[in-house]
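Each chain, letter by letter, is given below.
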Amino acid sequence: MTDNDGLYRRDVLKAGGAAAALGLGGGEFLQGLAERGDETAASKRDPGIESYVGQNDVIQTVCSPNCRGKCPIDVHVRDGQVKKVEPHPPEDEQYKRACVLGLSHTQRVYDPTRLKYPMKRTDWSPDEPNPDGRGPDAEFERVSWDEALDLVADKMQSLKADFGPESVLFHVGFGNYGQSGQAFSRLASLFGSTQPASTIDTNVGRGFNRVTGTGFYLPSTNESEDWENANTIIVWGSDIFSSQFQMDASKVLDAVENGAKLVVVDPVYTTTASKADLWLPVKPGKDVHLALAMMHTVFEDGTYDEQFLRKRTTGPALVRKDTGTLLKSSTVFEDGSDDKVVAVEQGSNTPVELEPETDGPYALFGEYTVDGIECETALTRLRDHVADYAPSKVAEQTGVDAENIRTAVRWLATRGPGGIAPSYALGRYKHGHIFGQTYAMLMGLTGDYGQHGNIHAHHSGGATLSTGGWSTPEDADPGPSVRFSDYPDAMIDGDPHKIRAAYSIESNMMGNQFPDRQRFREAIKSLEMYVVADMHHTDTVQHADIILPVPHWFEQEDIVSSWGSHPHISYRHKVQEPMWEARDDYYAIRGLAERLGFGDYFPETKRELLRELASRDDAIDFETLSEQGTQKKQNIPIVKFTDAFPTDTGRIKMYDDDAPSEEGVTFDLPRPLEDRTADDYEKADEYPLMFMQKHSRFRIHSQYEMLNWVREVNPEPQLDIHPSDAKARGIEDGQYVRVYNDRGEMIVKAKYNEAFQPGLVNTDQGWWSRDYLKGHHNDLTHNEVSEIGQTMSFYDVRVAVEPAPDDLDTEKYETDNPRGTGAETSRAGGD
Amino acid sequence: MTNYGLVIDQERCIGCQACAVSCKQENNVPMGQFWNRVLTEGGDKIDTPSGGYPEDGGSGSLDMQYQPTACQHCENAPCVKVCPVNATYTRDDGIVEIDYDKCIGCRYCMAACPYNARVFNWDEPDHMPEEGTGDVAARPQGVVEKCTFCSHRVDEGLDPACVVNCPADARIFGDLDDEGSTVSKYINEYETDQLLEDRGTNPKTHYISGEMSPGRPQTSDKMESELDDVSPWSDGSEDVPAEASESDSSGSGGSHHSIEGDAAPHVPAVGSGGDD
Ligand code: SF4
Ligand code: SF4
Ligand code: SF4
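Computed from a predicted structure; not experimentally measured.

Cut-off values and rules
- Within each chain, residues carry numbers counting from 1 in the order of the written sequence.
- To read the labels, note that chains go from A and ligands from 1, taken in the order they are written.
- A pLDDT threshold of at least 70 governs which residues receive local features in this predicted model, and a stricter bar of 80 or more applies before side-chain atom pairs are shown or counted, although totals over entire chains, interfaces and linings include all residues.
- Only hydrogens and water are set aside; all other atoms, that is, all heavy atoms of the structure, feed into the side-chain values.
- Counting from the N terminus, the helices are the DSSP runs of H or I reaching at least four residues and the strands are the DSSP runs of E reaching at least two.
- Here's how the labels work: a residue is buried when its accessible area is under 20% of the maximum for its type, exposed when over 50%, partly exposed in between, all with a 1.4 Å probe on protein chains only.
- Accessible areas in this description were obtained via Shrake-Rupley with a 1.4 Å probe; residue shielding takes into account the shown protein chains only.
- The contact definition used throughout considers only heavy atoms, calling two residues in contact when any of these lie within 4.5 Å.
- Only four residue types enter the charge count: Lys and Arg as positive, Asp and Glu as negative, with His and the chain ends excluded.
- Note that the charge is assigned to NZ on lysines, CZ on arginines, CG on aspartates and CD on glutamates.
- Proximity is defined per residue: any heavy atom of the residue falling within 4 Å of a molecule or strand makes that residue near it.
- Charged residues are taken to be Asp, Glu, Lys and Arg, nonpolar residues to be Ala, Val, Leu, Ile, Met, Phe, Trp, Tyr, Cys and Pro, and polar residues to be all remaining types, Gly included.
- Cavity and pocket criteria rest on a 1 Å grid covering protein atoms alone: a 1.4 Å probe that fits but cannot get out defines a cavity, protein on both sides within 12 Å along at least 5 of 7 lines defines an open pocket, and an atom within 4 Å of a point defines a lining residue.
- Grid points are joined across faces, edges and corners, and a volume is the space filled by probe spheres set on the points.
- Throughout the structure description, domain borders are defined by an automatic or database domain assignment.
- As a per-residue quantity, pLDDT reports the predictor's confidence and falls between 0 and 100.
- Axis lines are fitted to C-alpha atoms, over the contacting stretch for helices. Their N-to-C directions set the angle, which ranges from 0 to 180 degrees.
- Orientation labels follow simple angle bins: below 35 degrees gives roughly parallel, above 145 gives roughly antiparallel, 65 to 115 gives roughly perpendicular, and whatever is left gives oblique.
- Each crossing gets its hand from how the near helix is turned against the far one by less than a right angle, where anticlockwise is left-handed and clockwise is right-handed.
- Pairs of strands are assigned from DSSP output, requiring at least two bridges between the strands.
- Counted as salt bridges are all cases of a side-chain nitrogen of Lys or Arg within 4 Å of a carboxyl oxygen of Asp or Glu.
- We call a set of buried Ala, Val, Leu, Ile, Met, Phe, Trp, Tyr and Cys residues a nonpolar core when their side-chain atoms join them within 4.5 Å.
- Think of it this way: a Phe, Tyr or Trp ring, Trp meaning its six-membered ring, pairs with another when their centres are within 6.5 Å, and the plane angle makes it stacked under 30 degrees, edge-to-face over 60, tilted otherwise.
- Charge-over-ring contacts are defined here by two conditions on Lys NZ or Arg CZ: a distance within 6 Å of the ring centre and an angle within 35 degrees of the ring normal.
- Note on patches: the residues involved have over 30% relative accessible area and no salt bridge, like charges join within 9 Å, and the nonpolar side chains Val, Leu, Ile, Met, Phe, Trp and Tyr join within 5 Å.

Here we look at the overall build of chain B
Reasoning step 1: The number of helices and strands found in chain B is 6 helices and 10 strands.
Reasoning step 2: Within chain B, the fraction of its 276 residues that count as buried is 64%.
Reasoning step 3: For chain B, the computed accessible surface area is about 9,700 Å², with 43% contributed by carbon and sulfur atoms.

Observations concerning the overall build of chain A
Reasoning step 1: Secondary structure summary: chain A contains 23 helices and 34 strands in total.
Reasoning step 2: By its C-alpha atoms, chain A is 95 × 75 × 55 Å across when sized along the principal axes.
Reasoning step 3: Taken over 831 residues, chain A has a buried fraction of 68%.
Reasoning step 4: Within chain A, contacts between residues at least 6 apart in sequence are counted, and of these 75% link residues at least 24 apart.
Reasoning step 5: Summed over its atoms, the accessible surface of chain A is roughly 26,300 Å², and 43% of this surface lies on carbon and sulfur atoms.
Reasoning step 6: Positive and negative charge centroids in chain A, built from 85 and 137 side chains respectively, lie 2 Å apart.

Here we look at the site of ligand 1
Reasoning step 1: Taken together, Cys63(A), Pro65(A), Cys67(A), Gly69(A), Lys70(A), Cys71(A), Ala98(A), Cys99(A), Gly102(A), Met247(A) and Tyr704(A) form the complete shell of residues around ligand 1.
Reasoning step 2: For the shell around ligand 1, the residue count by class is 8 nonpolar, 2 polar and 1 charged.

Regarding unusual backbone geometry
Note: most peptide bonds trans; most residues except glycine with negative phi.
Reasoning step 1: Backbone torsion omega between Asp495(A) and Pro496(A) reads 5°, so that peptide bond is classified as cis.
Reasoning step 2: Within the secondary structure, Pro496(A) sits in the loop between α15 (487-493) and β19 (501-505).
Reasoning step 3: Of note, the amide linkage connecting Met128(B) to Pro129(B) takes the cis form, showing an omega dihedral of -5°.
Reasoning step 4: Relative to the elements of secondary structure, Pro129(B) occurs in the loop between β6 (119-120) and β7 (144-145).
Reasoning step 5: Although it is not a glycine, Cys150(B) sits at a positive phi angle of roughly 50°.

Some remarks on the side chain of Thr199(A)
Reasoning step 1: Here Thr199(A) is to be found in the loop between β7 (195-197) and α5 (204-212).
Reasoning step 2: With residues up to four places along the chain from it excluded, the contact list for Thr199(A) reads Arg206(A), Tyr217(A), Arg483(A), Phe484(A), Gln790(A), Thr791(A) and Met792(A).

Topic: empty space enclosed by the protein
Reasoning step 1: The final tally for this structure, using the stated rule, is 15 cavities of 30 Å³ or more.
Reasoning step 2: Of the pockets and cavities examined, the largest cavity occupies roughly 330 Å³.
Reasoning step 3: Every residue lining the largest cavity is counted, 27 residues in all, and those nearest its centre are Lys694(A), Asp720(A), Lys751(A), Asp764(A) and Asp47(B).
Reasoning step 4: Split by residue class, the lining of the largest cavity holds 10 nonpolar, 8 polar and 9 charged.
Reasoning step 5: Counting only domains with at least three residues in the lining of the largest cavity, you end up with domain 4 (204-446) and domain 5 (675-823) of chain A.
Reasoning step 6: If you go around the second largest cavity, you meet 25 residues; those closest to its centre are Gly237(A), Ser238(A), Ser423(A), Ala425(A) and Tyr795(A).
Reasoning step 7: Grouping the constituent residues of the lining of the second largest cavity by class yields 11 nonpolar, 9 polar and 5 charged.

A short note on the confidence of the model for chain B
For any part of a model where pLDDT is low, the fine detail of the predicted coordinates should not be relied upon.
Reasoning step 1: Scored by pLDDT, chain B has a mean of 86; 83% of the residues are at 70 or more.
Reasoning step 2: This prediction of the complex comes with two scores: 0.91 for pTM and 0.91 for ipTM.

Describing the packing of α5(A) against helix α14 (residues 433-446) of chain A
All names here are of chain A.
Reasoning step 1: Relative to each other, α5 and α14 sit at 40°, their axes nearing to 6 Å. As the angle between them shows, α5 and α14 are arranged oblique. Where α5 crosses over α14, the two elements pack in a sense that is right-handed. Two secondary-structure elements touch here, α5 through Val204, Arg206, Gly207, Phe208, Arg210, Val211 and Thr212 and α14 through His433, Ile434, Phe435, Gly436, Gln437, Tyr439, Ala440 and Met441.

Topic: the sheet that holds strand β14 (residues 367-370) of chain A
Within a sheet, adjacent strands bond to each other through the backbone by hydrogen bonds, running parallel or antiparallel.
All names here are of chain A.
Reasoning step 1: Taken in spatial order, the 3 strands line up as β11-β15-β14 in an open sheet, and their pairing is antiparallel. Every interior strand has two partners, whereas the edge strands, β11 (318-320) and β14, have only one. Sheet twist, expressed as the mean angle between neighbouring strand axes with direction ignored, is 40°.
Reasoning step 2: Both β11 and strand β15 (residues 373-377) contribute to a ladder of 3 bridges, which runs antiparallel. Bridging across to β15, Val319 finds its partner in Glu376.
Reasoning step 3: The strands that helix α11 (residues 378-386) touches are β11 and β15; relative to β15, the one it contacts most, it runs at about 65°.

Describing the environment of Cys150(B)
Residues and elements named next belong to chain B.
Reasoning step 1: Along the polypeptide, Cys150 turns up in the loop between β7 and α4 (151-154).
Reasoning step 2: Since its relative accessible area comes to 6%, Cys150 is described here as buried.
Reasoning step 3: The sequence separation of Cys150 and Asp135 amounts to 15 residues, and the corresponding C-alpha distance is 9.7 Å.

Brief notes about the pairing of strand β31 (residues 745-752) of chain A
All names here are of chain A.
Reasoning step 1: When you tally the buried positions in β31, you get 8 out of 8 residues, the bulk of the element.
Reasoning step 2: Relative to β31, strand β29 (residues 718-721) runs parallel, the two sharing 4 bridges. Looking across to β31, one finds that Asp720 is bridged to Lys751.
Reasoning step 3: Between the end of strand β30 (residues 736-740) and the start of β31, which pair antiparallel, lie 4 residues.
Reasoning step 4: One ladder, built from 2 bridges, connects β31 with strand β33 (residues 774-775); its direction is antiparallel.

Notes on the pattern of salt bridges
Reasoning step 1: Under the defined criterion, the tally for this structure stands at 76 salt bridges over all chains.
Reasoning step 2: The partner of Arg428(A) in a salt bridge is Asp201(A), with the nearest N and O atoms 3.0 Å apart. Linking Arg428(A) in the loop between β16 (418-422) and α14 with Asp201(A) in the loop between β7 and α5, this pair joins segments that are 227 residues apart in sequence. The pair formed by Arg428(A) and Asp201(A) is uniform in burial state, with each residue classed as buried.
Reasoning step 3: In this structure, the salt-bridge partner of Asp301(A) is Arg410(A), at a minimum N-O distance of 2.7 Å. Separated by 109 residues along the polypeptide, Asp301(A) in helix α8 (residues 287-301) and Arg410(A) in helix α13 (residues 402-414) bring together distant segments of the chain.
Reasoning step 4: In the salt-bridge network here, residues are joined through shared partners; they are Arg78(A), Lys84(A), Glu86(A), Glu26(B), Asp135(B) and Arg153(B).

So, the nonpolar core
As a rule of thumb, nonpolar side chains are buried together in soluble globular proteins.
Residues and elements named next belong to chain A.
Reasoning step 1: With 219 residues, the main nonpolar core has Trp236, Leu382 and Leu445 as its most contacted residues.
Reasoning step 2: No other element matches α8, which puts 9 residues into this core.
Reasoning step 3: Apart from the residues within four sequence positions on either side, Trp236 is in contact with Val265, Asp287, Leu290, Ala291, Met294, Ile420, Ala421, Pro422, Ser423, Leu426 and Phe435.
Reasoning step 4: Counting residues in each nonpolar core, the second largest holds 51 residues, with Val172, Met529, Ile620 and Ile636 among its members.

Looking at the packing of aromatic side chains
Reasoning step 1: Enumeration according to the criterion identifies 36 aromatic pairs over all chains in this entry.
Reasoning step 2: Judged by centre distance (5.1 Å) and plane angle (45°), the rings of Phe170(A) and Phe184(A) are tilted. Here Phe170(A) is found in strand β6 (residues 168-172), whereas its partner Phe184(A) is found in helix α4 (residues 180-191), with 14 residues between them in sequence. Per residue, the accessibility class of Phe170(A) equals that of Phe184(A), and both read buried.
Reasoning step 3: With centroids separated by 6.1 Å and ring planes inclined at 80°, the aromatic side chains of Tyr487(A) and Phe514(A) adopt a geometry described as edge-to-face. With Tyr487(A) in helix α15 and Phe514(A) in the loop between α16 (509-513) and α17 (517-525), the pair connects residues that are 27 residues apart, well separated along the chain. Of the two residues, Tyr487(A) and Phe514(A), both sit in the buried class.
Reasoning step 4: Each residue in the set Phe208(A), Trp236(A), Phe308(A), Phe435(A), Tyr439(A), Tyr449(A), Phe641(A) and Phe645(A) is aromatic and connected to the rest through ring pairs, giving one cluster.
Reasoning step 5: Between Lys251(A) and the ring centre of Tyr95(A), over which it is positioned, the NZ or CZ distance is 4.9 Å.
Reasoning step 6: The ring of Phe120(B) is capped by Arg107(B), whose NZ or CZ atom sits 4.9 Å from the centre of that ring.

As for the confidence of the model for chain A
Residues and elements named next belong to chain A.
Reasoning step 1: The share of residues in chain A with pLDDT of 70 or more is 92%, and the mean pLDDT across the chain is 91.
Reasoning step 2: Every residue in residues 1-10 scores below 50 in pLDDT, and together they form 36 contacts with partners more than four places removed in sequence or on other chains.
Reasoning step 3: Residue range residues 816-831 is modelled with pLDDT below 50. Its contacts to residues more than four positions away, or to other chains, number 36 contacts.

Side note on a negative patch on the surface
Residue and element names in this part refer to chain A.
Reasoning step 1: A cluster of acidic residues, Asp338, Asp339, Asp648 and Asp658, forms a negative patch at the surface.
Reasoning step 2: Counting through the fold element by element, Asp648 comes out in the loop between β25 (630-632) and β26 (661-662).
Reasoning step 3: The exposed category is assigned to Asp648, whose relative accessible area is 62%.

Details of the sheet that holds strand β9 (residues 261-265) of chain A
All names here are of chain A.
Reasoning step 1: With parallel pairing, 4 strands are arranged side by side in an open sheet as β10-β9-β8-β16. The open sheet has two edge strands, β10 (278-280) and β16, and neither has a second partner. In this sheet, adjacent strand axes meet at a mean angle of 15° when their direction is disregarded.
Reasoning step 2: The sheet contacts of α13 involve β8 (232-236), β9, β10 and β16, and relative to β10 the element is tilted by about 125°.

Dropping the structure here:
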C-alpha cells in the first residue's frame, strides 16, 4: 500500500500465488522490525485479558454530519471517559447503522483540534478590523463568552444602524442536523439579516423537478427498506457503498442476493462497480447521451409501459405543430381549462382532456388534426428526438459499448420494478440538471414510479422534524437571501448588496469547502467582522475574528432529523458535559438574541426549545422520543410518487413546452449541453485532465479529517491517476505531483489507479489545508454557476499535472508518526 | 464441544473498514497497529483493482474484492507450536489466545504465523484517550498481540465487535461444531476458502466468494446461540427477540474500574436539566 507499508500489508491474499508472496512479504516485515532494535523484551506485565464488559454507562446519542447515516449510536463511558461507540438499534431495528467514522468518535472527542475557549483575533477590533491580519498567520487571544457576545452584538447593531440589517449575513451550513439551525434562522429573520439560499453542489433534482414537479438536489425515493424489492438497480455516477449508502449496504446486497441486477454507470471502477452485474464506463459529461440512447432502445424494443404512459404521463398529449406548445383543453373544449392538455382516443381519434391518474385508450403515437390544428403526440416528439441517439451511434462518444447500453436498459424495462439511483456527482457538472430531466423521463417510459422496488436517487428521503415555520416568526421581517455562489460578489463588490459581517455556524465552507477558495478568501478579507462557531479549529475558523467553541455532539442535547437517511427522528442525549468552555450553539444564539433585543422569542434552555419544536410535529411525542431515543415517523411514505404528480397536468411531462433554455439550448426535450467536458472546450489542450473530488468513506465533507484511526488507513491526500496518464508525464507511482490550472495549484502524492478512466483524475474531497504540501483541491475548482442548475460545479474542472518541484519539503508525511497526520496543534486551542 | 469460527462473505464485503476500526476500538489496540486489516484483493494498493481499464467500452478486466484479515484461529496453529513458554494457546472453544503475562516477546509466533496476524508492541503503546478505549485492558510494551475473536465478549454471550458492526452483514460468527449454526450451514451451502490452505493450518475463518450469501442481519449484539428461534435463512428482524435490543443497557450502573493517567480530560457526568 502506498498508505502504510508494513501496517497494512496485503501479502496474505489468497489469490495469485499468495503463499509465495507471503514468505517474501512476511520476511521483509520481520526484518524491518528486527532492525528497530531488540531492547524491548517484555519487562512490564499486566494480567492476561482483563475485560470491562458490563462496566460501562451507556448513553444513546446521534451522529449527524451531512452524510446519509444520521446514525443513532450508543456511547460507552467509563471513568468519565468515552470508551466506545456502537450502533443503537432504532425503533425500527432494520435501520441499525454506523460507519467507520461514527465508530471512531473517541478520536474526535479528544482531538487537539477541538476549540476550547471563545477567542478574538488579536489585531481585530470592531472599528479597526485589520482584514490583512486574517489567514494562516492570524493570532488569537482568549476572551470570555460575555465579551465575545458583546463584541458581536455591538458590531451587528452598529452595522444595522449604518447600513441596514442585510449588511450582516447569518450563514449556516449542513454540518449538523439538530435544531440549533432553527434558532439561528429565527434570529436571522428577526434581525433582518441576509440569509443563505442553500444552493450548493448538485442540480440533478432541478431537472427532475421540471418533469415531475418535485426534486431539489435530488428527488426523493422509496425508503431504503424497500430497495430489496427492486429487480434492477442502476446506480448512476455514485459509489454508494463508499458514500451515501454504506450504512444501508445490506439492503442493496440483499436485493442482489435475491436476484436483482446491479448496474453501475461511472467513469470510475468504484467499490460499487466492483459489485455490479454490469459496469458502464461512461466518459465524464456524456451521461445525457447515454440516457437518450437508453430511451432509444426502449422505443425500438417497444418495451415502454403503455399503461403507465397513458395514466400518469403527458406522453399521449398533443403538441401543436404550429407553435410547439401543448394543445390546451381550452382551445378544444368550450369549458376546457388552460392547465389541462388534450389527447385523442385511439381509433376514433376523438379529442379528450387528460386528467391526472386516469387511464384511457389514448393514442400514444401519431399525428392528428384537431379543430384544424395539426398536432402530434408528445411521445412521438420524444421518439423522433431520441432517434438520433442509437446506442451504436453514441457508443464511441460515451465510451460505452452499445450492447451493454441495451442490456442495462432492457433489464430496467423488462424485469419488473427497479430504478435509477443517480448521484450528486452528476449535478456537480454545470448542466447536470439535464440529466435529471432525462432520467425522469426515461423512468416515465419504463413506468418506474409509485411501486415497491422503484428507486429515484442514491439515498432515501428519511425524516425531518416538522417545526411549522418556527424559524420565521410572523412579526419578523426577514432580509434577502443570497446564493452561496454569490457571496463573493456581495462581500467584495456589493452585488446585489454589500455584506459587511458574517456569523457562521455548522460550516467549514468559506475556508475549505467552497470552490475557487482564493476568491472566497478574498471575500472574507472584505468583511469587517467574521464570527465562526465550530467544534474544531478548521481553516474557516483560522480566518475568523471571533471564534465560538461548540461542544462535540456527545456534549450537546438535541433532536436530530434524519434527512436523506432513515425514517426516524432521534434524540441526542448528552453523554458528558461540554469540555473546557465549549457551549452549544443555542447558548450563543440566545445570548445574541438577548443583546439584540429579541430575547423573548427564545426559550431559556435548549431543552425547552426542543420541547417547543417537537410539539409542532404531530408525528412526534417529546417524551416518547426522549425515552426511546428514536421514533419512527409513521407518516413517512415508504413508497414515493403514488399520487398525482405536482405538475400542472398532474402527470409526468414527456414534453416541456414551458422549458427554460440556456446557452441557446432549449429543454423542451432533453438535449445534451456540456461545459468543460465538451470535446471542443477551448482550454482542453492546456488543461487536458478532468478533475473530480470524490466523496470517500474516510470523511464526510471536511468532518472527521482528524481521526487518528482512519488516517492510519488513509493518511494523506492523493491524486488518483491512470498509469498511462501518469507515465506520459513522467510521473511515478507515489511521487508528489503538482496539479494546476489558471486558478491555482495543489501538491499531492500520485496514486496509480487502474480504476480511473484515462483523462480523469481525482483527489478525495474534505482534506484541510494542513493536509496538503501546498495548495488545496478547492484552489482548482471554480465558482461558475448555470442559471438553471444554480449550483456549484465542482467536477466540471480541468487541470494539468506535472511532477512536483524537487525542493519539496515532504517531511510531514515521512516522519515515523503513527497518527499519520502532519498537522500542528491548533493555534486557537487556547491553553 | 464448541468450536468457534467466522465466515466472511467477500461478495457482501464493501471494504468499509468498520470492522477494522471496531476492532481497534473494542480491543484497545494501540495507535499504528491493526489486529484486523481490510485488504484489497486487486491492485497493489488499497481500493485499487487489478486488470486494465476497458478501452472498448465493455466492462473489461478490472477486478477488486476486499479481504478482511485477522487471526484465522487455526485448528492447527503454527504460532501455538512455536511459543517456547506456552503463552499462545488454544482455548477449549477453539479460540487462539495469548497470555500476555507469559509472553516474553520473542516473536517466534510472528515468524510462524503465515497470515501476518500478529503485532508486537515495540514501544510503549499509545492510545487516545491515553487510558485506552473499548472493553479490555491495554497490553504492555514488549508483548505480541492479535485478534482474540473478542473472547471477552464471547464469554458474555456477545458477538465479536467486528461482526456486530458490519453494515453489509458480511461477517458471521458461530459454532462450527453445531450443524445448525449459520456458519456451519454457509460452509456447507456455499463455496468457501480458507487462506493459504496448502499450509495445513486449517483456519477457522472461512471466506465466501463466487455466490453471495444472505449474510447474517445483526439487529442485536448477541451471539446467535444466545437468541431463541433464529433462522439464518430468514430476514432476521422478526426472529430476533424484541428484548435483544435491551442488551445495550446491560452496562449501566456497573462498578467502575480504575485506570491510571489523566491525559484526556475527565468531565463531569451530565447534570440534570437542559442546556443553559
Ligand atoms: S458519519 Fe454518518 S454514517 Fe457514519 S456513523 Fe456518523 S451518522 Fe452514521
Ligand atoms: S473478533 Fe474481535 S479481536 Fe478479532 S478482529 Fe474481530 S473485533 Fe478484532
Ligand atoms: S465491516 Fe463488513 S463490509 Fe466493512 S470491511 Fe468489514 S467485513 Fe467488509
